[in-house]
Each structure stands twice: as structure tokens, then as C-alpha cells.
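Results of the structural survey
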Amino acid sequence: MKQESHITIQGPMLLLTALVLTAGNFVAVLDTTIANVSVAHIAGALGASNSQGTWVITSYAVAEAITVPLTGWLAKRFGTIRVFRYALVAFGICSALCGLAHSLGFLIGARVLQGFAGGSLMPLSLTLLLRIFPKEKAAMANGLWATTTLMAPVLGPLLGGWICDEYSWPWIFYINVPIAIVCGFALYIIFGHHKEETQKHPIDKVGLLLMIIWVSALQIMMDEGKDKDWFASSYIITLAIIAAIGFAAFMIWELTQKKDPIVDLTVFRHRGFSASVLTLSLGFGTYFGINVLTPLWLQTNMEYTSTWSGRTTAWTGLSALLISFLVTILSTRIDGRKLVFCGVLWMGLVTFFRSFLNTDVDYWTIVLPLLIMGLGTPFFMIPISAQAMTSVNPDEMESAAGLMNFLRTIAGAFATSLVNTVWENQTNYKHEQLSVLLDPNGTYFRELINSGMDTEVARGIIDQLTTSQSVMLATNDIMLYSSVAFAIAAFAIWLGPNTRKRQTKNQ
């Protein structure tokens, strides 16, 4: 397979092109979390429950995950630049449709289309950045891409909360439209005369169909499981069987498909790539899951508004932004495994300390761990993409980037459903325990009655107190489990080799 030629762009135009490409990546990743703090607003406006509202998040993630592995085939068939430009424009159109939705079904359908459009933006933005930057500045290209990938999920809740409280929820989607139009036009001007070689490869229809089946079945099972009592429901059992058989058939088909597989699993023969994506999947999934949980906890248990929950979680992004440039420089001089290990382990330690909070915590007690955690995220997100991409051959980069982003997206979607399920189950379990322990002799209840309070009101106060403590304890449990997952992810990076040696040989 012929390697794509380097695109020569210099001076201010190089900076402008990099900004346009990273902006495309930014809006695609932003929309994975901008709806996190907006679920209650959207569900209320469209007459749905909060549980049903989470489909707004997961439908986008699943559609995006299905599209990402197609990136390599699309780029070879139609050209990297053309696919990126059209995907960006389509993303803007689908964002407008999301804002115009007047029912939950229409919104979920529009989010699926938006996810299909956004799936190619992430891997192709990285591919194009690596093609326009000189080889000696590849680390800078990876750093720019990783910084936007890191910042967007954190800024999503902040921006989404502010828009919902100050304006209305459709504007969380409308803001993508001008960015898509401006960046799409800029790409046409910059690359309008650039010719790309294309190859007419047939699409792996069977592989694509099998992937859609198992990914969709798995995600629906995760979303619906908590409402249908999991495997007590024949519906959930059926979905689990479909997901398991679909995944097994998908793996067998792709491993035996010698020509043009939908997912090029042969890149896993590179130990550095395998170790990197394992660490990325575990680490990002955990990071994404607790980022979804934090604003939910703040709004349901700590009486924060959408705006204030967004402002609280944004501190992670602020501290991360301050040291991102430093980490980009360090990643060119230090073994990336060391940076990733320290960053992920740091995130795990901070998450462990977050498992000891209580309902009396003030704003800054919540903010401080989030601020400190942000210092570790660039050490994780910036070197990890370089570790993965420098482990594969040049002609495998597009397929590797697509597969890496596919696993990252699936991990985030899976973690969202898993965290919500465990959080709800733990809350119910803790509530049952505390109902017996909180006022075993009825002393507190009698005091409320003797003070002149109505019986139902007194019971309501005790139940509210029990629920508040149950949610807090369940949240702490999630943080504890997440700290263990971070620790596993940190040590997984050592399964790969030192890619600095390979980079030195290639230069």
C-alpha cells in the first residue's frame, strides 16, 4: 500500500490549518459530553424520563463508534481531505437537526446521524495533522490533537450547563453550525487544489453489518438493563446473546478476511499499539464515566444548577490546559510510557481520595481534587496517541487511528452505561441498609411528630435524608472502583516497548 504524501504548508498557513483541523476534532469530541448536564433539561422539554434522556448521550457515542473504523476505507476510497471536509459539513447540518427536534425519538435519530458524521473527524484530524507537520514536529501535532481531545470532554458540561440555564437546550447543538461552515470553507480554500490518490476498494459489508449488530445490542443492553432488572428480563438476555454471538462472528470474520476488512485487526501485532489502546480504553473509559457521574451527583444530590455543575467540573480542564504545552515538550524527550504511567496513576490516586467525600462538603472541597486531577490528564492523553501511532507502519496510520478512536469511543459509551447502572443499584442498596440503621428505634421520627409535624411530612424528611446519604455513599463507591481501574490502566502501558527507540531510528 502506498504511503500518503506529505502536504507542504509553512508559516502562518500551517498554524491556520492546524487550528481548523483541531476545531473539527474539538466539536466532534465536545458533543460526547455537552449533553451530560443537559439531560434533565432535554428530558423535561421533550416529555421523557432522565433515564430515557441518557440515550441522547449514548446514541451519539454508538453511532460515532460504528463510523470510526470506516475511516480508513473512506479515506482510501474518496481521499482524506475530501472525507474530512464533507464530514464536517454534514456534522453541522445534523447539529441543526438536533436543535430542531421536538420529540425524543427525532432527537435520538438526529444524534445518530450526527455521530455518523462526527466519527471520521477525530481520526482524520490526527492523520492530516501528522501529514502537514514536518516529521521532526510530529510530537507537536500529536500534542495539539490530544489537547483538544482532552479539553473538549471537560468543557462540554461547562458550556452545556451555561447554555441550558441562560438560553435553551437546542443551542448546545446550534453552536456547532457556524464552526462547521467556517472550517469547511477554510478547508476548501486551503486544500482546494491538492490532488489525492484514491483506491477503489470494496467495502466489507458483512463486517460492517456484524459490527453494527454487536455494538448496538451491547449498548442497548447496558442502557435498558437497569430499568428491566437485568437478566431477570428475557429482553436483556436476548440482547446479551445477540451481542456475544455478533462479537464472536465479527472477530472470526475480520481475522479471516484477507482483503479490505472493515477493521484492520492486524495492527494489534504491534505490541506498542496493543498496550497503548488497552491503556487508553481503560483509562479514558474510567475518566469519561466519572465525568458523566460528577455533574449528575452535583445536580441530584448537592442541589447545583447545570451552570454551577459545569463550572465545577471545568476546573479539571483549566489545570490540564496550563501544563499541556509542557507535557508536549516532555513527550519528545522522555519515554512516553513513563509519562502515561505517572499521569494515569496520579488520576487514580486523586479519584481514590474523592471516595471519602460527604454531603457536607463545600464548593472548594469538591473543586480541589478536580483541579489536582487535571494536572495528570495531559500526561495520559498527550503521549498515549503518540505511543500508539508511532508503533505502527506509516501505511497503517489511518486504520490504526480509526481503531484507536473506535475503542476509545466504545469505552466511553460502555463506561457511561456501566457507571449509571452501578450508581443506581448501589444507591438502592445503600438506601435499604440505611433505612434500618438511620432511625432503628423511631426516636427521630417521634421527635418530629412531637414537634407538631405531620406524619407523612416526617416520613418524607427521613426518607430524603436517607436518600441523600445513599447517593453520596454510592458515589464514593464508584470513585473507589474507578481508582482501581486507573491503577490497572497505568500498569498496562508497560506491556508495550519503548517507542522512543523506533522514533530515533526513523528520523
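Only a predicted model underlies this, so the values are computations on that prediction, with no experimental measurement involved.

1. With respect to the overall build of the chain
A count of helices and strands for the chain gives 22 helices and 0 strands. The principal-axis extent of the C-alpha atoms belonging to the chain is close to 85 × 45 × 45 Å. Across the 507 residues that make up the chain, the buried fraction comes to 56%. Put simply, of all contacts in the chain between residues at least 6 apart along the chain, 85% involve residues at least 24 apart. About 21800 Å² of surface is accessible on the chain, with carbon and sulfur atoms providing 66% of the total. With 31 positive and 31 negative side-chain charges, the chain shows a spacing of 17 Å between the two charge centroids.

2. Here we look at helix α4 (residues 55–67)
Helix length check: α4, at 13 residues, gives a terminal C-alpha distance of 18 Å against a target of 18 Å (1.5 Å per residue), a fit within 8%. In terms of burial, α4 is largely enclosed, as 12 of its 13 residues are buried. Burial in α4 covers these residues: V56, I57, T58, S59, Y60, A61, V62, A63, E64, A65, I66 and T67.

3. Things to note about empty space enclosed by the protein
Inspection of the entire model under this criterion finds 5 cavities of 30 Å³ or more. The volume enclosed by the largest cavity comes to roughly 80 Å³. As for the largest cavity, its lining consists of T32, I57, A61, E64, F284, F288, R408, T409, G412 and A413. Where the lining of the largest cavity is concerned, the elements lending two or more residues are α4, α14 (271–300) and α19 (397–437). Of the residues that constitute the lining of the largest cavity, the class distribution is 5 nonpolar, 3 polar and 2 charged.

4. Some details on the packing of α14 against helix α15 (residues 306–330)
Each pair of packed helices can be described by the angle between their axes along with the distance between the axes. Look at α14 against α15: their axes get within 9 Å of each other, and the N-to-C directions meet at 145 degrees. In this structure, α14 meets α15 at a crossing whose hand is right-handed. Every residue of α15 that contacts α14 at Y287, T294, P295, L298 and Q299 is listed here: S306, S309, T312, T313 and T316. Each residue belonging to the contact of α14 with α15 can be placed in one class, and the counts come to 3 nonpolar, 7 polar and no charged.

5. What about the nonpolar core?
By size, the foremost hydrophobic cluster in this structure holds 129 residues, and its most contacted members are L107, M211, F273, W297, M404 and F406. Looking at this core element by element, the count peaks at 11 residues for α14. Not counting residues within four places of it along the chain, the set of residues in contact with F406 comprises A65, V68, P69, M211, W214 and V215.

6. Thoughts on unusual backbone geometry
Residue E303 is not a glycine yet carries a positive backbone phi of 60 degrees. Here E303 shows up in the loop between α14 and α15. Of the residues examined, E303 reaches a relative accessible area of 72% and is grouped as exposed.

7. Digging into the pattern of salt bridges
Applying the stated rule across the entire model yields 3 salt bridges. Its salt-bridge partner being R111, residue D31 comes within 3.5 Å of it at the nearest N-O pair. Residue D31 is located in the loop between α1 (11–30) and α2 (39–45), and its partner R111 is located in helix α7 (residues 104–118); the two are separated by 80 residues in the primary sequence. In terms of burial, D31 and R111 fall into one category: buried.

8. Considering the confidence of the model for the chain
In this model, the chain carries an average pLDDT of 83, and 91% of its residues clear a pLDDT of 70 or more. Model confidence for the chain, summarised as mean pLDDT per element, is weakest for helix α22 (residues 499–506) at 56 and strongest for helix α16 (residues 336–353) at 95.

9. Digging into the side chain of T148
Here T148 shows up in helix α9 (residues 138–166). A distance of 2.8 Å separates the side chain of T148 from the backbone oxygen of W145, its partner in a polar contact. Apart from the residues within four sequence positions on either side, T148 is in contact with T22, N25, F26 and P153.

10. Description of helix α13 (residues 234–256)
Under the 1.5 Å per step criterion, the end-to-end length of α13 is 33 Å for 23 residues, consistent within 8% with the ideal 33 Å. What α13 keeps buried is the set I236, L239, A240, A243, G246, F250 and E254. In the core, the buried residues of α13 are packed alongside α12 (205–225). Its side-chain oxygen placed 3.2 Å from the backbone nitrogen of Y235, S233 serves as the N-cap of α13.

11. Side note on the packing of aromatic side chains
This model, assessed by the stated rule, comprises 14 aromatic pairs. Where W214 meets F250, the ring centres are 6.1 Å apart and the plane angle is 45 degrees; that geometry is what we call tilted. Taken together, the residues span a long stretch of sequence, with W214 in helix α12 and F250 in helix α13 at a distance of 36 residues. One exposure class covers both W214 and F250, and it is buried. When the centroid spacing of 5.3 Å and the interplanar angle of 80 degrees are considered together, the rings of F352 and F356 count as edge-to-face. You can call F352 partly exposed: its relative accessible area is 32%. Of the residues examined, F356 reaches a relative accessible area of 55% and is grouped as exposed.

12. With respect to the environment of A487
Looking at where A487 falls in the secondary structure, it is placed in helix α21 (residues 455–492). Once the C-alpha coordinates of A487 and T307 are considered, the two residues, 180 residues apart in sequence, prove to be 32 Å apart.

13. Some words on a nonpolar patch on the surface
Where nonpolar side chains cluster on the molecular surface, the patch consists of V89, I93, L97, L100, F106, L113 and F116 and spans about 610 Å² of accessible area. Listing elements by their share of the nonpolar patch, those giving two or more residues are α6 (80–100) and α7. A per-element tally of the nonpolar patch places α6 first, with 4 residues. Take V89: it is sitting in helix α6.

Each value, and the rule that gives it
Sequence order sets the numbering: in each chain, residues are counted from 1 along the sequence as written. Per-residue local features of the predicted model are confined to residues with pLDDT of at least 70, and side-chain atom pairs are confined, for both listing and counting, to 80 or more; whole-chain, interface and lining totals are unaffected and use all residues. Side-chain measures here rest on the full set of heavy atoms in the structure, leaving out hydrogens and waters. Comment: elements are numbered from the N terminus, with helices defined as DSSP H or I runs of at least four residues and strands as E runs of at least two. Residue exposure (1.4 Å probe, protein chains only): buried if accessible area is under 20% of the type maximum, exposed if over 50%, otherwise partly exposed. Here, two residues are considered to be in contact whenever any of their heavy atoms come within 4.5 Å of each other. Per-residue and other accessible areas were derived by the Shrake-Rupley procedure at a 1.4 Å probe size, with only the shown protein chains allowed to occlude residues. Charged residues are defined here as Lys and Arg on the positive side and Asp and Glu on the negative side; His and the ends of the chain fall outside this count. Where a charge sits is defined by one atom per residue type, namely NZ (Lys), CZ (Arg), CG (Asp) or CD (Glu). Given a helix with a known number of residues, its expected span is that number minus one, times 1.5 Å. Each cavity reported here is a set of points on a 1 Å grid over the protein atoms alone in which a 1.4 Å probe fits but cannot get out, each pocket an open set with protein on both sides within 12 Å along at least five of seven lines, and each lining residue one with an atom within 4 Å of a point. Grid points are joined across faces, edges and corners, and a volume is the space filled by probe spheres set on the points. Residues are grouped as follows: Ala, Val, Leu, Ile, Met, Phe, Trp, Tyr, Cys and Pro are nonpolar; Asp, Glu, Lys and Arg are charged; every other residue, Gly included, is polar. Working convention: axes come from line fits to C-alpha atoms, limited for helices to the stretch in contact. Angles between N-to-C directions cover 0 to 180 degrees. We call a crossing left-handed when the near helix sits turned anticlockwise from the far one by less than a right angle, and right-handed when that turn is clockwise. What we call a nonpolar core is a set of buried Ala, Val, Leu, Ile, Met, Phe, Trp, Tyr and Cys residues that are connected through their side-chain atoms within 4.5 Å. One side-chain nitrogen of Lys or Arg within 4 Å of one carboxyl oxygen of Asp or Glu is enough to make a salt bridge. The predictor attaches a confidence to each residue, called pLDDT, with possible values from 0 through 100. Polar contact is the term for a pair of N or O atoms within 3.5 Å; when the atoms are in protein, one must be able to donate a hydrogen and the other to accept it, and sequence-neighboring residues count only if both atoms are side-chain atoms. In summary, the pairing rule links any two rings of Phe, Tyr or Trp, Trp by its six-membered ring, whose centres are within 6.5 Å, and it sorts them by plane angle into stacked for under 30 degrees, edge-to-face for over 60 and tilted for everything else. Excluding any residue in a salt bridge, patches collect residues exceeding 30% relative accessible area, merging like charges within 9 Å and nonpolar Val, Leu, Ile, Met, Phe, Trp and Tyr side chains within 5 Å.

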